[in-house]
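Next come the chains, spelled out residue by residue.
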Amino acid sequence: MKKILMKGNEAIARAAILGGLDAFFGYPITPQNEIPEYLSKHLPKMGKVFVQAESETAAINMVYGAAAAGARTMTTSSSPGIALMQEGISYLCGSELPCVLVNVMRGGPGLGGIQPSQADYYQITRGGGNGDYRVLSFAPENLQETVDLMKEAFDIADFYRNPVMIAVDGLIGQMMETVDLHREKPKRELPDKDWAACGSGKKRLVNSLYLDPAELERHNFRLFEKYRMMEENEQRYELVKMEEAEFAIVAYGTMARIARSALELLEEAGVKTGLIKPISLWPFPKKAFSELPASLKGLLVAELSLGQMLDDVKIANEGRLPIAFFGRTGGMLPEPEEIAEAVLKMKAEASQ
Amino acid sequence: MKKMNFITGHYGSGKSEFAINFALSIGAAFLVDLDIVNPYFRTRELEDLCAENNLRLISSSLTGALGSDLPYIAKEVFLPFYENLTSVFDLGGEAAGARIVRQFSELLDPQETDFLFCVNCYREETAAPEKIIGMMELIEKSGGFKITGLINNTNLLRETSYGDLLYGEKILEELERRTGLRIVYAGVHEKLLPEIGELKGEIIPLKLYLRKTWL
C-alpha cells in the first residue's frame with residue numbers, strides 16, 4: 001500500500017474507523033477539531049453513529065451508553081475537555097466498559113492555551129475521577145505509531161473491558177506526516193461481549209453501584225487483578241542507542257522526537273547518550289529500567305510539563321542513578337540544543 | 001505573474017509553505033496570512049524571516065497571540081490594495097478558508113489577480129481529478145471567485161521524489177483537460193532540485209520554513 005500524507009487528527013480519525021469504530025460522541029475543542037470534522041463526514045455515510053454532544057460531560061456518558069450496549073465507541077477531546085470527563089471515566093472503569101479516549105493535549109492549567117503540551121500526565125496516569133481505577137494509556141511519537149496504536153486500541157479495550165486512552169500533544173494532532181494505514185495489527189483473542197445490555201434475551205445489568213461493601217471490595221480486587229495483568233503484559237517502550245551509553249534521556253511523544261535530534265548533537269560532542277521512550281504511560285514501562293547498561297551515569301527526564309513523569313522515573317529507577325530534569329511548558333517547544341545542553345550540564349556535574 | 005496572488009486549496013496541501021517560498025522568490029512586498037482555520041503551522045510564525053527579507057507580513061493574529069484561535073483579521077489586510085504592490089495571500093483551507101475573499105470583492109481587479117489552487121495529490125481529499133474538481137467548486141462558491149491556475153505541490157514532505165511530482169502532474173493534466181486551467185507553478189523541495197527533469201509550470205524552490213528541523 002502506498003503511503004499518503006495525513007494530518008495527525010485526520011490519521012487518528014481514519015485509524016479509528018479502521019479499528020472498527022461504531023459510534024463517536026464528542027464536543028469540539030482546539031487542537032483536535034479535525035477528528036470530529038473527519039468523522040462527521042465519514043461515519044454517517046458508513047451507517048455508523050456520529051453525535052456532537054452538548055458538552056464533554058454528555059459525550060462521555062453517551063460513550064458509557066454505547067459501550068454498555070456493546071458498541072465500539074470513542075470520544076476525543078483536549079486537556080480541559082478530558083478534565084470534564086473524569087467522572088464518566090471512573091464510571092466506565094467501575095462498570096468495566098471498553099472504549100477509546102483520545103486526548104490531544106494543550107497547555108494548562110485551566111483554559112490554558114491551544115499550543116502543544118504534555119501537562120496532562122498526572123491526569124492520564126493518576127486520573128481525576130474517584131475510586132481505585134486505572135486507564136490504559138499510550139503516548140505515540142509520530143503518526144505511524146499513532147495510527148498503529150489507534151487501530152489496536154479498540155481490541156485492547158475489548159480484551160480488558162477497560163477504557164484505553166491515546167494521548168498525544170497538539171503538535172502530533174496538527175502536523176502532517178506520511179502514513180501507511182494498512183499495517184497489520186497484532187491479533188488478540190477477544191471474548192464475546194456476553195455482558196452487553198443490548199436489549200434482548202437474558203436480563204443484563206451494567207452497573208458500578210455496589211451496596212454491599214464486601215461485594216464492592218471483591219469487585220475492586222477483581223479489577224486490580226486485571227490491572228496487574230495490564231502491568232504484566234502492556235508495558236511498551238523503545239530503547240534507542242543504549243549500548244555503552246553514558247547518559248540516557250527519558251522522554252515520550254513529541255519530546256522524544258526532539259530528543260532524537262539531541263542524541264545526534266551529543267554524539268557529535270562525544271557524549272554517548274541513549275533514549276528511553278515510554279510508549280505506554282500507564283502501565284509505566286518499569287521493565288525498561290531493569291534493562292539499562294552498566295555504563296550509564298545518569299538519566300535526564302525531559303517533558304513538555306514541569307516534572308510529572310519524573311515521579312514514575314524515580315519509582316522505576318529505585319534510587320540507582322542520579323536523575324536530572326528538563327521541562328518546557330505552556331505550549332513552548334524546546335530546540336534539540338537545549339536538551340543536549342542539559343545532558344552536558346549533567347555530565348559536568350557528575351565529573352565534579 | 002499577477003500583482004495579487006491568492007493561494008487556496010485543501011488544508012494540508014502545503015499552501016502556507018508554498019506561499020512564503022513563493023512570496024520570497026517573486027520578491028513580493030506583502031505576505032498576507034488569512035488563515036483563520038488552522039491553529040498551528042501558520043505563516044504568522046515567520047515574522048523574523050519576513051522582516052529580514054523586507055517582506056511585510058500581515059497576520060490575522062492579534063499581536064503576540066500566536067496561540068489565538070479567534071477568527072480575527074487585522075485591518076491591515078487591505079494595505080496591499082491601497083499601496084498596489086505585488087502581494088501573496090495565504091488563505092485557510094477549503095471552502096471555510098476561502099470565504100474571507102468576499103470582503104475584497106470590490107477591490108479585486110480580475111486582470112491583476114490570480115487565484116491559485118494548490119494541490120498535493122497524496123492527500124486523501126485531492127487524490128483524484130473528480131475529488132479536486134468538487135473541492136474547487138466549493139471553494140469558488142464560498143469565496144465568490146474563479147480559480148485561475150493550478151499549483152502542483154504533490155509531496156511526501158522530505159521523502160518526495162521526482163516521480164512523486166510526475167505522479168501529481170499526471171493527475172493535474174487530467175484536470176487541465178477537464179477545466180481548461182493550466183499548471184502554473186510546481187513546488188519543489190530545494191534538496192530535490194538537482195534530481196528533477198522536466199516539469200509543467202514554473203518551478204518554485206521550497207524550503208520548509210514552518211516545519212522544525214527535528215520534525
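What counts, and where the lines are drawn
Per chain, residues are indexed from 1 in the order of the written sequence. The order in which chains are written sets their letters, starting at A; the order in which ligands are written sets their numbers, starting at 1. Per-residue local features of the predicted model are confined to residues with pLDDT of at least 70, and side-chain atom pairs are confined, for both listing and counting, to 80 or more; whole-chain, interface and lining totals are unaffected and use all residues. Think of the side-chain values as coming from all heavy atoms in the structure, minus any hydrogens and water. Each helix corresponds to a stretch of at least 4 residues labelled H or I by DSSP, and each strand to a stretch of at least 2 residues labelled E; elements are numbered beginning at the N terminus. Residue contacts are counted whenever heavy atoms from the two residues lie within 4.5 Å of one another. Two N or O atoms count as a polar contact when they lie within 3.5 Å, although within protein this holds only if one can serve as hydrogen donor and the other as acceptor, and sequence-adjacent residues are included solely when both atoms are side-chain atoms. Working definition: rings of Phe, Tyr and Trp (its six-membered ring) pair if their centres are within 6.5 Å, and the pair is stacked with planes under 30 degrees apart, edge-to-face with planes over 60 apart, and tilted otherwise. Charge over a ring is defined by NZ of Lys or CZ of Arg lying within 6 Å of the ring centre and within 35 degrees of the ring normal. Joining through side-chain atoms within 4.5 Å is the link that ties buried Ala, Val, Leu, Ile, Met, Phe, Trp, Tyr and Cys residues into a set, and such a set is a nonpolar core. A 1.4 Å probe rolled over the protein chains alone gives each residue an accessible area, and that area as a share of the maximum for its type sets the label: buried under 20%, exposed over 50%, partly exposed in between. Residue ranges for the domains originate in an automatic or database domain assignment.

## Remarks on the environment of A:Arg328
Residue and element names in this part refer to chain A.
Here is step 1 of the chain: Within the element layout of this structure, Arg328 appears in the loop between β14 (323-327) and α12 (336-350).
Here is step 2 of the chain: When the C-alpha atoms of Arg328 and Ser117 are compared, they prove to be 8.6 Å apart, with 211 residues separating the residues in sequence.
Here is step 3 of the chain: The contact partners of Arg328, leaving out residues within four places of it in the chain, are Glu303, Leu304, Ser305, Leu333, Pro334 and Glu338.
Here is step 4 of the chain: One polar contact links Arg328 to Glu338, side chain to side chain, over a distance of 2.9 Å.

## With respect to the packing of aromatic side chains
Here is step 1 of the chain: Applying the stated criterion across every chain, the model contains 18 aromatic pairs over all chains.
Here is step 2 of the chain: These aromatic residues form a ring-pair network of at least three members: B:Phe6, B:Phe78, B:Phe81, B:Phe89, B:Phe104, B:Phe115 and B:Phe145.
Here is step 3 of the chain: Residue placement shows A:Arg188 over the ring face of A:Phe159; its charged tip is 5.3 Å from the ring centre.

## Examining the nonpolar core
Here is step 1 of the chain: A:Met74, A:Met150, A:Ile249, A:Phe289 and A:Leu299 are the most contacted members of the largest nonpolar core, which totals 119 residues.
Here is step 2 of the chain: With 9 residues, the single largest contributor to this core is helix α7 (residues 143-160) of chain A.
Here is step 3 of the chain: Structurally, this core is a two-domain feature, drawing no fewer than three residues from each of domain 1 (4-188 + 198-233) and domain 2 (237-350) of chain A.
Here is step 4 of the chain: Excluding residues within four positions of it along the chain, A:Met150 makes contact with A:Ile12, A:Ala15, A:Ala16, A:Met74, A:Val100, A:Val102 and A:Ile166.
Here is step 5 of the chain: By size, the runner-up hydrophobic cluster in this structure holds 34 residues, among which are B:Met4, B:Phe89, B:Val119 and B:Ile132.

## Examining the environment of A:Gly19
Here is step 1 of the chain: By the secondary structure assignment, A:Gly19 is in the loop between α1 (8-18) and β2 (23-26).
Here is step 2 of the chain: Taking the C-alpha atoms as reference, A:Gly19 lies 22 Å from A:Ile82; in sequence the two are 63 residues apart.

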